[in-house]
Amino acid sequence: RFTSTDGGATLDAGTEDVVLTLAQPFSNHNGGQAAFGPDGMLYVGFGDGGSANDPGDRAQDTRNLFGTIIRIDVDPLPY
């Protein structure tokens, strides 16, 4: 999250506030698409964590974020 004083035309890098991190075990299949939907929510896609054929079945494990698309309401502070 960043703060803008001009309606989003520029961002102040010094105001960075990390909302979520996900350590990637491999350097490929990491996804990373982020976009706002028509509902105003932020949607973020995560790949399966990498390597071939999803070793560890991360994308099949509903207890982690690998292989998912999450929806975040970015308005409440603190998140």
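Residues numbered from 1 in each chain as written. Predicted model: local features only at pLDDT ≥ 70, side-chain atom pairs only at ≥ 80, totals over all residues. Heavy atoms only, no water.

### Here's the deal with the sheet that holds strand 1 (residues 31–36)
Test applied: By this definition, two strands are paired if DSSP reports at least two bridges between them. The helix count covers DSSP runs of H or I at least four residues long, the strand count covers runs of E at least two residues long, and both are numbered beginning at the N terminus. Only the stretch in contact is used when fitting a helix axis, every axis being a line fitted to C-alpha atoms; angles between N-to-C directions are given from 0 to 180 degrees.
In space, the 3 strands of this open sheet follow the order 1-2-3, with antiparallel pairing throughout. Two strands bound the open sheet, and with one partner strand each, they are strand 1 and strand 3 (69–72). On average, each strand axis in the sheet is tilted by 15° relative to the strand beside it, whichever way the strands run.

### Regarding the side chain of Asp 48
Just so we agree on the cut-off: Only protein chains enter the accessibility calculation, which uses a 1.4 Å probe; a residue whose area is less than 20% of its type maximum is buried, one above 50% is exposed, and one in between is partly exposed. Charge counting treats Lys and Arg as positive and Asp and Glu as negative, with His and both chain ends excluded. Think of a salt bridge as a Lys or Arg side-chain nitrogen and an Asp or Glu carboxyl oxygen that are within 4 Å of each other. It only takes one pair of heavy atoms within 4.5 Å for two residues to be counted as in contact.
Following the sequence through the fold, Asp 48 ends up in the loop between strand 2 (42–46) and strand 3. In this structure Asp 48 is buried but unpaired, with Arg 58 as the nearest side chain of opposite charge at 4.9 Å. When residues no more than four places from it in sequence are discounted, the contact partners of Asp 48 are His 29, Asp 54, Arg 58, Ala 59, Phe 66 and Gly 67.

### Regarding the environment of Asp 54
Residue position: Asp 54 is located in the loop between strand 2 and strand 3. Along the primary structure Asp 54 and Gln 24 are separated by 30 residues, whereas in three dimensions their C-alpha atoms are 12 Å apart.

### As for unusual backbone geometry
Look at Ser 51: it is not a glycine, yet its phi comes out positive at around 70°. Along the chain, Ser 51 turns up in the loop between strand 2 and strand 3. Of note, Asp 57 is a non-glycine position whose phi angle comes to about 50°, a positive value. Mapped onto the fold, Asp 57 is located in the loop between strand 2 and strand 3.

### Notes on the confidence of the model for the chain
Stated formally: One number per residue, pLDDT, summarises how confident the predictor is, and it ranges from 0 to 100.
Mean pLDDT over the chain stands at 87; residues scoring 70 or higher make up 96%. Per-element confidence in the chain is highest for strand 3, whose mean pLDDT is 92, and lowest for strand 1, whose mean pLDDT is 87.

### Some remarks on the pattern of salt bridges
Considering all chains together, one arrives at 3 salt bridges under this definition. Residue Arg 71 is joined to Asp 39 by a salt bridge in which the shortest nitrogen-to-oxygen separation is 3.8 Å. Of this pair, Arg 71 sits in strand 3 while Asp 39 is found in the loop between strand 1 and strand 2, placing the two residues 32 residues apart along the sequence. With relative accessibility at 53%, the residue Arg 71 sits in the exposed group.

### Considering the nonpolar core
Selection criterion: In these notes, a set of buried Ala, Val, Leu, Ile, Met, Phe, Trp, Tyr and Cys residues joined through side-chain atoms within 4.5 Å is what counts as a nonpolar core.
With 5 residues, the main nonpolar core is built from Leu 42, Val 44, Phe 46, Ile 70 and Ile 72. Those elements giving two or more residues to this core turn out to be strand 2 and strand 3. When residues in this core are grouped by element, the largest group, 3 residues, is from strand 2. Dropping the residues within four chain positions of it, Ile 70 is found in contact with Leu 20, Leu 42, Tyr 43, Val 44, Phe 46 and Leu 65.

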